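Here are the chains, one letter per residue:
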Amino acid sequence: MISLSLILFTIEGLLPPLLLPPGAKFGLANVVTVVALYKLSEIDALIILSARIFLAGMFAGSPTIIFFSISGGLLSLAAMILLKRAKKFSVVGVSAAGGFFHNVGQIFAAIFFMNSQKIFFYLPILGTCGIFIGALIGSLCVTILRRELKNECS
């Protein structure tokens, strides 16, 4: 699953920029994290997420990118774990919240890194994108999880 996550990260990097604001991405690799959270375990999802962030950062980025990615990724995963445990949210809702909190984590990393609180004013833009993209990722995960369940029952 780590390999699949890295492949999706790489594919996304090859896609032309879409009509998203600066700093927003589709986060295709998060499909693997959400599926792992529901299909495997919280620890497995954490390992897959962390390994992808560090490997992708080492191969295609820098320590700064790792810092931003881990800030967003860990906060996102923590929020998704808490909402999943609450058992009151769908996969789509959990993933949408994960998208939002990923951006919150990155905004706080940017505030720390750039030593400017003005960056916080960008949160409504990135947060809205995160919710929307997270819901799309969650919808894709629902399809994957349903097919997996169907295959298990066959």
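Summarised in this report is the structure supplied together with it. If you're wondering where the values come from, they're calculated on a predicted model, not measured in any experiment.

Attention shifts here to unusual backbone geometry. Residue Lys87 is not a glycine yet carries a positive backbone phi of 55 degrees. Residue placement: Lys87 occurs in the loop between α4 (63-86) and α5 (91-114). Judged by relative accessible area, Lys87 falls into the exposed class, the value being 73%. Positive phi, normally seen in glycine, also occurs at Asn115, with a value near 55 degrees. With respect to the helices and strands, Asn115 occurs in the loop between α5 and α6 (123-153).

This part takes up a nonpolar patch on the surface. A cluster of nonpolar side chains, namely Leu4, Ile7, Ile11 and Leu15, defines an oily patch on the protein surface of about 350 Å² accessible area. Structurally, the position occupied by Ile7 is in helix α1 (residues 2-14). Judged by its relative accessible area of 46%, Ile7 falls in the partly exposed class.

Counting 37 residues, the largest nonpolar core has Leu37, Leu77, Met80, Val91, Ile107 and Cys141 as its most contacted members. Only α2 (30-39), α3 (42-60), α4, α5 and α6 provide two or more residues apiece to this core. If we skip the residues at most four places from it in the chain, Leu37 touches Glu42, Ala45, Leu77, Met80, Ile81 and Lys84.

Two measures define how a pair of helices packs: the angle their axes make with one another and the distance between the axes. Packing of α4 against α5 brings their axes to within 7 Å, and their N-to-C directions diverge by 145 degrees. The two elements α4 and α5 meet at a crossing, and its hand is right-handed. Counted by class, the contact of α4 with α5 contains 14 nonpolar, twelve polar and one charged residues.

Definitions and limits used
- Residues numbered from 1 in each chain as written.
- Predicted model: local features only at pLDDT ≥ 70, side-chain atom pairs only at ≥ 80, totals over all residues.
- Heavy atoms only, no water.
- Helix = DSSP H or I, 4+ residues; strand = E, 2+ residues; numbered from the N terminus.
- Buried < 20%, exposed > 50% of the residue type's maximum accessible area, 1.4 Å probe, protein only.
- Patch = residues over 30% accessible without salt bridge, like charges linked within 9 Å, V, L, I, M, F, W, Y side chains within 5 Å.
- Areas by Shrake-Rupley, 256 points an atom, 1.4 Å probe, with all protein chains shown as cover.
- Salt bridge = Lys/Arg side-chain N within 4 Å of Asp/Glu carboxyl O.
- Core = buried A, V, L, I, M, F, W, Y, C linked by side-chain atoms within 4.5 Å.
- Contact = heavy atoms within 4.5 Å.
- Axes fitted to C-alpha atoms, helices over the stretch in contact; angles between N-to-C directions.
- Left-handed = near helix turned anticlockwise from the far one by under 90°.
- Nonpolar A, V, L, I, M, F, W, Y, C, P; charged D, E, K, R; others polar.

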